[in-house]
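Descriptive structure summary
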Amino acid sequence: QKEVEQNSGPLSVPEGAIASLNCTYSDRGSQSFFWYRQYSGKSPELIMFIYSNGDKEDGRFTAQLNKASQYVSLLIRDSQPSDSATYLCAVRGNSGYALNFGKGTSLLVTP
Amino acid sequence: NAGVTQTPKFQVLKTGQSMTLQCAQDMNHNSMYWYRQDPGMGLRLIYYSASEGTTDKGEVPNGYNVSRLNKREFSLRLESAAPSQTSVYFCALTTGANSGANVLTFGAGSRLTVL
């Protein structure tokens, strides 16, 4: 079984702070990496994806990938209460388009 | 969840009953997926279909059957429901190829309870 591991949380940060969410994966052949946000009772929605080692920024979100360490993270700058949700890390291997998901990290941004 | 329609949204079954979850897309994409989501277990792939007429097992296929008779629809069938199949089921499509990223787009989900 190809594992994707995340801390379940909850991770609590004050409004305006940086939230750091982490994910590790077991399959060294993994090609692409995704972060989804899921509000309670809703379906997952894509935040961003990353393919290459290094950082990728999109607004308040930055994804970081280190393939040597098999580690991917998501930073949320200037966290807002509306960012409170579960964040799912997902990994795609080197065949097909199906994603393997972590169990998610619950984030709580307190006013 | 524009473009991915799941029905029904909610369903309660008794053990042993059968039912079919329907998923339909209006975006002309080839790959479709069924995931289930359980508390503490994350999203797990049940079955997927790379194209019309083809299906493949995912991580947790036991107790389920699927059908992809045309490009637009991908159905998930429970022949004899069990309480262990109580879950939220999500249909998903692979979209976004033109942007260089094949991402999954999810439907709104179907919440199934088996008593």
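Before any of the text, the structure's been laid out above.
This section reports on the structure supplied with the text. (Residues numbered from 1 in each chain as written. Chains lettered and ligands numbered in written order. Predicted model: local features only at pLDDT ≥ 70, side-chain atom pairs only at ≥ 80, totals over all residues. Heavy atoms only, no water.)

Describing the state of the cysteines
Residues and elements named next belong to chain A. To be explicit about the condition: When the sulfur atoms of two cysteines come within 2.5 Å, that pair is taken as a disulfide. Numbering of helices and strands starts at the N terminus; helices are DSSP runs of H or I of at least 4 residues and strands are runs of E of at least 2. We call a residue buried when its accessible area falls under 20% of the maximum for its residue type, exposed when it is over 50%, and partly exposed in between, using a 1.4 Å probe and counting protein chains only.
Tallying each qualifying case throughout the model produces two disulfides over all chains. Covalently, cysteine 23 is tied to cysteine 89 through a disulfide, its sulfur atoms 2.1 Å apart. Between cysteine 23 and cysteine 89 the disulfide shows an S-S torsion of about -75°. By sign, it is left-handed. With cysteine 23 in strand S3 (residues 19-25) and cysteine 89 in strand S9 (residues 85-92), this pair connects stretches of sequence that are 66 residues apart. Judged on exposure class, the residue cysteine 23 and its partner cysteine 89 are both buried.

Describing the pattern of salt bridges
For clarity, the threshold we go by: Salt bridge, as applied in this entry: a Lys or Arg side-chain nitrogen positioned within 4 Å of an Asp or Glu carboxyl oxygen.
Enumeration according to the criterion identifies seven salt bridges over all chains in this entry. For A:Arg37, the salt bridge goes to A:Glu45, with nearest N and O atoms at 3.2 Å. The class of A:Glu45 is partly exposed, set by a relative accessible area of 34%. For A:Glu57, the salt bridge identified is with A:Arg77, shortest N-O distance 3.4 Å. Highlighted residues: A:Glu57 in strand S6 (residues 54-58) and A:Arg77 in the loop between strand S8 (71-76) and S9, separated in sequence by 20 residues. With a relative accessible area of 26%, A:Arg77 lands in the partly exposed category. Beyond isolated ion pairs, a larger network of salt bridges with shared partners links B:Arg36, B:Asp38 and B:Arg44.

Side note on the interface of chain A and chain B
How we decide: Note on definitions: a residue-residue contact is assigned when non-hydrogen atoms from the two residues lie within 4.5 Å. Two parts placed together each lose some accessible area under a 1.4 Å probe, and the buried area is that loss summed for both. Whenever a nitrogen or oxygen atom comes within 3.5 Å of another N or O atom, the pair is scored as a polar contact, on the condition that within protein one atom can donate a hydrogen and the other can accept it, and that pairs from neighbouring residues in sequence are kept only if both atoms are in side chains. Here the term charged refers only to Asp, Glu, Lys and Arg, the term nonpolar to Ala, Val, Leu, Ile, Met, Phe, Trp, Tyr, Cys and Pro, and the term polar to all other amino acids, Gly among them.
Facing 18 residues of chain A, the contacting portion of chain B comprises 21 residues. Of the roughly 1,500 Å² buried where chain A meets chain B, counting both sides, 57% is carbon and sulfur surface. Across the chain A-chain B interface, the total number found is zero salt bridges. If you look at where chain A meets chain B, you find four residue pairs in polar contact (both at pLDDT 80 or more). If you list the elements that add at least two residues to the side of chain A that touches chain B, you get strand S4 (32-38), strand S5 (45-50) and S9 of chain A. Here the element with the most residues in the side of chain A that touches chain B is S4(A); it accounts for three residues. Residue composition of the side of chain A that touches chain B, by class: eleven nonpolar, four polar and three charged.

Purely geometric numbers; function is a separate question.
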